[in-house]
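# A look at the structure
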Amino acid sequence: MPAWATTVLGVFLLADLVVVCGALLSLWPALLEVVRAGVAPGTTARWSPFGLGDWALTADTAMLLAVVCSSALGSFVHAATSFATYVGNRRLYASWLWWYLLRAGIGVALALLVYFLLRGGLFTGSSGPAATNPYGFAGIAGLCGLFSKQATDKLREVCDTILSTRTDGDRDRQDKLETPAAHPQ
């Protein structure tokens, strides 16, 4: 990869770090305000990331934003570690550019899916969003971003185990539609 492209990618990664950390640090007090014990359902907290607007966040919205920011932070660590290693060894190739650009999006998407799975499966009988632990979910989201490849592989194993079948339903079905024979003209 040319030196100018390496520099642009490095600056992009550093900007990603500043934006993600800034958003997470400014979000955290608002998040803790709406998830603390005894808060009435529907309570909102004000959040103004980088002075861009003034948002009213519910507990659910604040948790989703924390998951997004934490997973993006984990993805940054993964991408920046790889970037530094390959640049340091002078083995960074242009064909990997999209890998670096998509890394945060992949980590965020995976973390959101894991968050929905955990919230939907583990907290169904709880007393709402205020019963969640933002530190735990932020930590899990960060790990999803950092280890997105391993997390995806593990989720594939779990789904293969849970959703495995003994037969191939389409192939074993007795009442298949027959392909009509060509009609001579």
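We now turn to the structure provided with this report. (Residues numbered from 1 in each chain as written. Predicted model: local features only at pLDDT ≥ 70, side-chain atom pairs only at ≥ 80, totals over all residues. Heavy atoms only, no water.)

### Side note on a nonpolar patch on the surface
Convention followed: The residues that make up patches have over 30% relative accessible area and no salt bridge, and they are joined within 9 Å when like-charged or within 5 Å when they are Val, Leu, Ile, Met, Phe, Trp or Tyr. Only the protein chains shown count as cover for residues, and the accessible areas themselves come from Shrake-Rupley with a 1.4 Å probe. The term salt bridge refers to a side-chain nitrogen of Lys or Arg lying within 4 Å of a carboxyl oxygen of Asp or Glu. Put simply, DSSP marks the helices as runs of H or I at least four residues long and the strands as runs of E at least two long, and each gets a number from the N terminus on.
Residues Phe12, Leu97, Trp98, Leu101, Leu102 and Ile106 make up a contiguous nonpolar surface patch of roughly 550 Å² in combined accessible area. With five residues, the top contributor of residues to the nonpolar patch is helix 3 (residues 97-122).

### Let's talk about helix 2 (residues 59-88)
Convention followed: The length a helix should cover is 1.5 Å for every residue beyond the first.
For helix 2, spanning 30 residues, the distance from its first C-alpha to its last is 43 Å, which sits close to the expected 44 Å at 1.5 Å a residue. Of the residues flanking the end of helix 2, it is Arg90, one or two places downstream, whose phi is positive at about 55 degrees.

### Some points on the pattern of salt bridges
Cut-off, in case you're wondering: For the exposure calls, accessible area comes from a 1.4 Å probe over protein chains only, and a residue counts as buried if that area is under 20% of its type's maximum, exposed if over 50%, partly exposed in between.
Under the counting rule described, the total for this entry stands at five salt bridges. Here Arg156 and Asp153 are joined by a salt bridge, their closest N and O atoms 3.1 Å apart. Highlighted residues: Arg156 and Asp153, both in helix 5 (residues 148-162), separated by three residues, approximately one helical turn. Relative accessible area serves as the criterion here: at 47%, Arg156 is assigned to the partly exposed category. When the shortest N-O distance is used, the salt bridge between Lys154 and Glu157 registers 2.8 Å.

### Points about the packing of helix 1 (residues 3-35) against helix 4 (residues 134-146)
Our working rule: Fitted lines through C-alpha atoms give the axes, limited to the stretch in contact for helices. The angle between two N-to-C directions lies from 0 to 180 degrees. Reported orientations rely on four angle classes, namely roughly parallel under 35 degrees, roughly antiparallel over 145, roughly perpendicular from 65 to 115, and oblique for the rest. Only heavy atoms matter for contacts: two residues are in contact if any of them lie within 4.5 Å across the pair. Three categories are distinguished: nonpolar for Ala, Val, Leu, Ile, Met, Phe, Trp, Tyr, Cys and Pro, charged for Asp, Glu, Lys and Arg, and polar for the others, with Gly belonging to the last.
Taken N-terminus to C-terminus, the directions of helix 1 and helix 4 make an angle of 130 degrees; their axes are 11 Å apart at the nearest point. The angle between helix 1 and helix 4 places the two elements in the oblique class. Between helix 1 and helix 4, the residues in contact are Trp28, Leu31, Leu32 and Val35 and Pro134, Tyr135 and Ala138, respectively. Broken down by class, the residue content of the contact of helix 1 with helix 4 amounts to seven nonpolar, no polar and no charged.

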